[in-house]
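Structural overview
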Amino acid sequence: MQTTWKGTISFGLVSIPVHLYSATQEHDVPLHQVHAKDGGRVRMKRYCEREEKEVPYAEIAKGYESPDGRTVTLTDEDLADLPLPSKKIIDVLAFVDADEIDPLMFSKAYYVGVADQAAAKPYALLRDALTASGQIAVTKIALRTRESPAVLRVHDGTLVLQTCIWPDEVRPAAGIAPEEDVTVRPQELKMARSLMDTLSEDFDLAQLHDDYQRALQQVITARLEGVELPHEEEPGEAPDNVIDLMEALRSSLKRAKGGRGHAAGPDEDQPEEQQPAPRKRAPVKKPAGSAAAAGKAAPAKKTATAKTATAKSATAKSATAKSATAKTATAKAAAGKTATGKSTAPRKAS
């Protein structure tokens, strides 16, 4: 990895010789300018207006034109000799919580590596101190022709220097957001949070890829091979306004859940106050076959009922007859006693 900058991190009285390496790289399809008529390469030439001729790169310097029209020429030596402490020193100014720096200020990132083995221990000391505190170090650094604020933080066990823009370079956001008073209902906020949670399920940033670069490469390949260019189906037009915010959120939630392999019901994740009242269902009409089957089954049930009733009736009659016989015997015995005054039991033969 090519070294971008060499210098020293100053941490109080501790000095750490370090090298900076670009931490990021962009993957772009290399395109250059050509003449549309015949494909001839168009090249930019450095042309001197005074001498009216092309100038080699070695003779190029930087210049500044003053408001009154005068031009000051600055050579590489002039820029290299600027009286800046941050040219070779990354001076730690303070330690702050990470959320005190607005991400809007972050610019380019560089890995920080040690310049020699002697720097290993102070490097590890600063790294571990940042990790334990959960803070970042605020610094300043001069890279190329610009001095900028920067922060030192830890990423995967490695110090990272992230350059920033100056606070006064952040444009104010006044007048961008809607100025009218807008009321967001609790139901809408709850539905939005539910949508956020669903979209965040199983999300992996590493799975994202550059669709534009892939599509551009397909077009270039088709041109080289002389085949028909690939075409994507035109997406449907996005609605220009939101008529029903709750319905839009609900539809978005269903679509998000459907894309993750489980469909949401029509009122799933809907706040209770928004749930529709249960509707009374009309009686379900049974098909003709179903009625016929019910008709056939009915006699069997009646027959079983009739048999049960008959058995009960017979039992009752039997009990009634026994009761009547007992009563008759009792009556006769009572009559015999009344007539003779003696027992009617037969005498034993002598």
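Following both chains from N to C, one finds helix α3 (residues 186-200) and helix α5 (residues 245-258) inclined at 20°, their axes separated by 9 Å at the closest point. When the axis of α3 is compared with that of α5, the two are roughly parallel. Considering the relative orientation of α3 and α5, their crossing is left-handed. When α3 is examined against α5, the residues Q187, E188, M191, A192, S194, L195, T198 and L199 are found in contact with a partner set consisting of L245, M246, L249, R250, S252, L253, A256 and K257. Taken together, the residues of the contact of α3 with α5 sort by class into 9 nonpolar, 4 polar and 3 charged.

Here we take up α5. Given 3.6 residues to a turn, an α-helix orients residues that are three or four positions apart in the same direction. Between its first and last C-alpha, α5 extends 20 Å over 14 residues, near the 20 Å set by a 1.5 Å rise per residue. Three or more residues of α5 are buried, namely M246, L249, R250, L253, A256 and K257. On an axial view of α5, the arc spanned by its buried residues comes to 130°, and they lie on one face. Its buried side turned inward, α5 meets α3.

What follows deals with the confidence of the model for the chain. Overall, the prediction assigns the chain a mean pLDDT of 77, with 71% of residues at 70 or greater. Across the chain, the secondary-structure element scoring lowest on mean pLDDT is helix α6 (residues 288-340), at 44, and the one scoring highest is strand β12 (residues 158-164), at 97. For the stretch residues 263-350, pLDDT sits under 50, and the model shows 33 contacts to residues farther than four places along the chain or on other chains.

Right, let's get into the nonpolar core. Among the nonpolar cores identified, the biggest contains 20 residues, and I9, L20, V112, I141, L152 and L161 are the most heavily contacted of them. Elements represented by at least two residues in this core include exactly β1 (3-11), β2 (14-22), β9 (106-114), α2 (120-133), β10 (135-143), β11 (146-155) and β12. Filtering out sequence-adjacent residues up to four positions away, I9 remains in contact with V14, S15, I16, V18, I90, V92, V112, L126 and L152.

Okay, the packing of aromatic side chains next. Per the counting criterion, the structure on display carries 1 aromatic pair. Looking at K108, its charged tip hangs above the ring of Y110, at a distance of 5.8 Å from the centre.

Let us look at helix α4 (residues 211-225). A rise of 1.5 Å per residue sets the reference length of α4, with its 15 residues, at 21 Å; its end C-alpha atoms lie 21 Å apart and thus fit the reference within 8%. Capping the start of α4 is the job of one residue whose side-chain oxygen sits 3.1 Å from the backbone nitrogen of Y212: D210. In the segment just after α4, G226 is the residue with positive phi, at about 70°.

Turning to its location among the elements, I136 is positioned in strand β10. For I136, a relative accessible area of 6% translates into the label buried. In sequence terms I136 and F95 are 41 residues apart; their C-alpha atoms lie 5.6 Å from each other. Not counting residues within four places of it along the chain, the set of residues in contact with I136 comprises A94, F95, V96, D97, A98, I101, L130, V151, L152 and R153.

What counts and how
- Residues numbered from 1 in each chain as written.
- Predicted model: local features only at pLDDT ≥ 70, side-chain atom pairs only at ≥ 80, totals over all residues.
- Heavy atoms only, no water.
- Axes fitted to C-alpha atoms, helices over the stretch in contact; angles between N-to-C directions.
- Helix = DSSP H or I, 4+ residues; strand = E, 2+ residues; numbered from the N terminus.
- Parallel < 35°, antiparallel > 145°, perpendicular 65-115°, else oblique.
- Left-handed = near helix turned anticlockwise from the far one by under 90°.
- Contact = heavy atoms within 4.5 Å.
- Nonpolar A, V, L, I, M, F, W, Y, C, P; charged D, E, K, R; others polar.
- Expected span 1.5 Å × (residues − 1).
- Buried < 20%, exposed > 50% of the residue type's maximum accessible area, 1.4 Å probe, protein only.
- Arc of directions from axis to C-beta.
- pLDDT = per-residue confidence, 0-100.
- Core = buried A, V, L, I, M, F, W, Y, C linked by side-chain atoms within 4.5 Å.
- Phe/Tyr/Trp six-rings, centres within 6.5 Å; stacked < 30°, edge-to-face > 60°.
- Lys NZ or Arg CZ within 6 Å of the ring centre and 35° of its normal.
- Polar contact = N/O pair within 3.5 Å; in protein donor to acceptor, adjacent residues only side chain to side chain.

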